[in-house]
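# Structural overview
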Amino acid sequence: MVVAAILLRGILVDLTGTGPRSAFLTAFVSVVVAGLPFVVLGSVAVAAIAAFVPRAVVGGPPGLAGLVRALTPSTGASRRSAVVAGASFLLASPAASPVVLAATAVAFPGQPTMVLARFVAGVVTTAAMGGLWLWFTARTPGGPAAAATAASGDGADAQGWPAFWARCRIDVVRSGGVLAVGAVVVAAVTVWLPAPWLDAIAHSGLFAVVAMALLAVLLSVRAGADAFVAAALSQFPAVAALAFLVVGPVANLRLFTRQVVRLGPGLALRFAPATVLIGLVATLVIGWLVL
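Residues numbered from 1 in each chain as written. Predicted model: local features only at pLDDT ≥ 70, side-chain atom pairs only at ≥ 80, totals over all residues. Heavy atoms only, no water.

## Focus: the overall build of the protein chain
When helices and strands are tallied, the protein chain shows 16 helices and 0 strands. Every one of the 291 residues in the protein chain was classed for burial, and the buried ones make up 44%. Put simply, of all contacts in the protein chain between residues at least 6 apart along the chain, 78% involve residues at least 24 apart. Just so you have it, the protein chain exposes about 13,500 Å², and 73% of that area is on carbon and sulfur atoms. (Helix = DSSP H or I, 4+ residues; strand = E, 2+ residues; numbered from the N terminus. Buried < 20%, exposed > 50% of the residue type's maximum accessible area, 1.4 Å probe, protein only. Contact = heavy atoms within 4.5 Å. Areas by Shrake-Rupley, 256 points an atom, 1.4 Å probe, with all protein chains shown as cover.)

As structure tokens, then:
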């Protein structure tokens, strides 16, 4: 659907005329065309790590849980410092990903402070999440090590070229679909929502920041491509866009459902809201200092 919309954009614009439907299609295609290359780059990077980096290097299955388990493998893991857990979260987070930072720079041209703010706020958020993870999982049976083992699954992920191509295909399809949904929402908001309403929300101060953070949670757009969704909502101030970029990658519906399945609803219902709050606080502080 996404590829067809891009290839047939000219024909569709001719059919829809020059009214709101044409503006909607233009906004939709613009976000998808800008974000899709970074969806592909991010998927390739993640698949390459999953398929070719030895398990001994990453300490288990790729991703957040495997890194946490690698750093908390023993029964005494619950006594390790929050700094160690914070480092594991940072390694698995998109906060320091070159692809994500490059996408942010492209989406916000001439605004290097946005890239810096995203990096710093992302690092602060993920480091704090590491401490939060230890605090929450210390109260679960078996402690942090058991929780990380549950989160990382059985560790039987395949490696090699077949696994690489399979992971790429799945990630691109899923993330591309989510990007398309985000583009539809952005196009609908910017074209069909009455301008006075949108301006009132965008200039509502703290409410605008919270609204963008919650939108990021709901849309669950892949980090990197999310920068183009935030940039398309140009009516909102920079700190609100930063909230979208900081909160979305660490707290979204896809992550939440995964946490519920693997960790149980009790831990997920405590961890996810706390993560959103941490992201908002980091956004407000770093945004005030940098933007």
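## Things to note about the layout of surface pockets
Over the atoms rolls a probe the size of a water molecule, and its path tells where empty space is left. Taken as a whole, the second largest pocket spans an internal volume of roughly 180 Å³. Per-element tally for the lining of the second largest pocket: the top contributor is helix α16 (residues 265–290), with 6 residues. Among the residues forming the lining of the second largest pocket, the class breakdown is 11 nonpolar, 3 polar and no charged. (1 Å grid on protein atoms, 1.4 Å probe; cavity = no way out; pocket = protein on both sides within 12 Å on 5 of 7 lines; lining within 4 Å. Points joined across faces, edges and corners; volume = space filled by probe spheres on them. Nonpolar A, V, L, I, M, F, W, Y, C, P; charged D, E, K, R; others polar.)

## Digging into unusual backbone geometry
In this model, Ser 220 sits at a positive phi of 60°, which is unusual for a non-glycine residue. Inspection of the secondary structure assignment puts Ser 220 in the loop between α12 (206–219) and α13 (226–232). You can call Ser 220 buried: its relative accessible area is 4%.

## So, the pattern of salt bridges
Summed over the entire model, instances satisfying the criterion amount to 2 salt bridges. In this structure, the salt-bridge partner of Arg 167 is Asp 171, at a minimum N-O distance of 3.4 Å. Of this pair, Arg 167 and Asp 171 both sit in helix α10 (residues 161–192), 4 residues apart, roughly one helical turn. (Salt bridge = Lys/Arg side-chain N within 4 Å of Asp/Glu carboxyl O.)

## What about the environment of Val 31?
Within the fold, Val 31 resides in helix α3 (residues 20–52). Between the C-alpha atoms of Val 31 and Ala 187, which are 156 residues apart in sequence, the distance is 8.7 Å. In this view, Val 31 contacts Leu 179, Ala 183, Phe 228, Val 229 and Ala 232; residues no more than four positions away in its chain are not counted.

## Re the packing of aromatic side chains
By the definition in use, this model includes 5 aromatic pairs. With a centroid separation of 5.4 Å and an interplanar angle of 85°, the aromatic rings of Trp 161 and Phe 164 are classed as edge-to-face. Of this pair, Trp 161 and Phe 164 both sit in helix α10, 3 residues apart, roughly one helical turn. On the accessibility criterion, Phe 164 (7% relative accessible area) is buried. (Phe/Tyr/Trp six-rings, centres within 6.5 Å; stacked < 30°, edge-to-face > 60°.)

## Regarding the nonpolar core
Residues Phe 28, Phe 108, Val 229, Phe 236 and Phe 244 are the most contacted members of the largest nonpolar core, which totals 56 residues. In this structure, Phe 244 is in contact with Met 212, Leu 215, Ala 216, Leu 219, Asp 226, Val 229, Ala 230 and Pro 249, ignoring residues within four places of it in sequence. Core analysis: the second largest hydrophobic core is formed by 5 residues, Ala 47, Ala 51, Ala 163 and Cys 168 among them. (Core = buried A, V, L, I, M, F, W, Y, C linked by side-chain atoms within 4.5 Å.)

## Digging into empty space enclosed by the protein
In this structure the tally under the stated criterion is 1 cavity of 30 Å³ or more. The volume enclosed by the largest cavity comes to roughly 70 Å³. For the lining of the largest cavity, the secondary-structure elements that each account for two or more residues are α8 (112–137) and α14 (238–250).

## Quick word on a positive patch on the surface
Together, Arg 174, Arg 254, Arg 258 and Arg 262 line one region of the surface with positive charge. The element best represented in the positive patch is helix α15 (residues 253–263), accounting for 3 residues. With respect to the helices and strands, Arg 254 occurs in helix α15. For Arg 254, a relative accessible area of 33% puts it in the partly exposed group. (Patch = residues over 30% accessible without salt bridge, like charges linked within 9 Å, V, L, I, M, F, W, Y side chains within 5 Å. Lys, Arg positive; Asp, Glu negative; His and termini not counted. Charge placed at Lys NZ, Arg CZ, Asp CG, Glu CD.)

## Overview of the packing of α3 against helix α7 (residues 98–107)
Here α3 crosses α7 at 170°, and the two axes come no closer than 10 Å. Here α7 runs roughly antiparallel to α3, going by the angle between their axes. Counting all contacts with α3, which are made through Phe 38, Leu 41 and Gly 42, the residues of α7 involved are Val 99, Ala 102, Ala 103 and Val 106. Partitioned by chemical class, the residues of the contact of α3 with α7 number 6 nonpolar, 1 polar and no charged. (Axes fitted to C-alpha atoms, helices over the stretch in contact; angles between N-to-C directions. Parallel < 35°, antiparallel > 145°, perpendicular 65-115°, else oblique.)

## Looking at the environment of Phe 207
Of note, Phe 207 is situated in helix α12. The sequence separation of Phe 207 and Ala 240 amounts to 33 residues, and the corresponding C-alpha distance is 9.1 Å.

## Some points on the confidence of the model for the protein chain
With 71% of its residues at a pLDDT of at least 70, the protein chain reaches an overall mean of 78. Below pLDDT 50 for its whole length, residues 57–86 participates in 59 contacts with residues either more than four positions away or in separate chains. (pLDDT = per-residue confidence, 0-100.)

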